[in-house]
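Each chain, letter by letter, is given below.
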Amino acid sequence: MRINRTFSIPYDLAHELKKKHNQSETVTRALKKYLDPDPLLEVHDASSRQLMAALTARDDIDDTLKTLLLQILTK
């Protein structure tokens, strides 16, 4: 179910939003992302260094790859 809401946003943001095909879905996705209690970044938001660090902490990573990643991260 959906509900209509009225909010005040900056003009330039409203102008950019107007260019989007489905404005409601765009706002819904942005709000869900903002309100998500999970502090972990999504993969596409993470930097390469953050991804490499996360990989080194996993148990299913090959020791050779883990060593290589640690060498890169300590530069």
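Everything quoted here is computed from the prediction, not taken from an experiment. (Residues numbered from 1 in each chain as written. Predicted model: local features only at pLDDT ≥ 70, side-chain atom pairs only at ≥ 80, totals over all residues. Heavy atoms only, no water.)

A. Region of the structure containing the overall build of the protein. A count of helical and extended segments in the protein gives four helices and zero strands. Starting at the N terminus and ending at the C terminus, the protein contains elements arranged as α-α-α-α. Relative to its length of 75 residues, the protein is extended, with a C-alpha radius of gyration of 20 Å against a globular reference of 11 Å. Across the 75 residues that make up the protein, the buried fraction comes to 8%. A gap of 9 Å separates the mean positions of the 12 positive and 11 negative side-chain charges of the protein. (Helix = DSSP H or I, 4+ residues; strand = E, 2+ residues; numbered from the N terminus. Rg over C-alpha atoms; globule rule 2.2 N^0.38 Å. Buried < 20%, exposed > 50% of the residue type's maximum accessible area, 1.4 Å probe, protein only. Lys, Arg positive; Asp, Glu negative; His and termini not counted. Charge placed at Lys NZ, Arg CZ, Asp CG, Glu CD.)

B. Representation of a nonpolar patch on the surface within the structure. Residues Val27, Leu31, Tyr34 and Leu35 make up a contiguous nonpolar surface patch of about 440 Å² in total accessible area. Residue classification places valine 27 among the partly exposed positions, given a relative accessible area of 35%. (Patch = residues over 30% accessible without salt bridge, like charges linked within 9 Å, V, L, I, M, F, W, Y side chains within 5 Å. Areas by Shrake-Rupley, 256 points an atom, 1.4 Å probe, with all protein chains shown as cover. Salt bridge = Lys/Arg side-chain N within 4 Å of Asp/Glu carboxyl O.)

C. Up close: the environment of glutamate 42. With respect to the secondary-structure elements, glutamate 42 resides in the loop between helix H2 (23–35) and helix H3 (48–56). In this structure glutamate 42 comes out as partly exposed when scored by relative accessible area, which is 40%. Between the C-alpha atom of glutamate 42 and that of aspartate 59, which follows or precedes it by 17 residues, the distance is 20 Å.

D. Examining the packing of H3 against helix H4 (residues 63–73) more closely. At their nearest, the axes of H3 and H4 sit 9 Å apart, and the two run at 140° to each other. As far as their axial angle goes, H4 and H3 are oblique. The element H3 and its partner H4 pack so that their crossing is left-handed. Contact with H3, carried on its side by Arg49, Met52, Ala53, Leu55 and Thr56, involves Lys66, Leu69, Leu70, Ile72 and Leu73 of H4 and no other residues of that element. Here the contact of H3 with H4 is composed, by residue class, of seven nonpolar, one polar and two charged. (Axes fitted to C-alpha atoms, helices over the stretch in contact; angles between N-to-C directions. Parallel < 35°, antiparallel > 145°, perpendicular 65-115°, else oblique. Left-handed = near helix turned anticlockwise from the far one by under 90°. Contact = heavy atoms within 4.5 Å. Nonpolar A, V, L, I, M, F, W, Y, C, P; charged D, E, K, R; others polar.)

E. Fine view of the pattern of salt bridges. Considering all chains together, one arrives at three salt bridges under this definition. We note a salt bridge from glutamate 25 to arginine 2, for which the minimum N-O separation is 3.4 Å. Of this pair, glutamate 25 sits in helix H2 while arginine 2 sits in the segment before helix H1 (11–18), and the two are 23 residues apart along the sequence. Using a relative accessible area of 61% as the deciding quantity, one classes arginine 2 as exposed.

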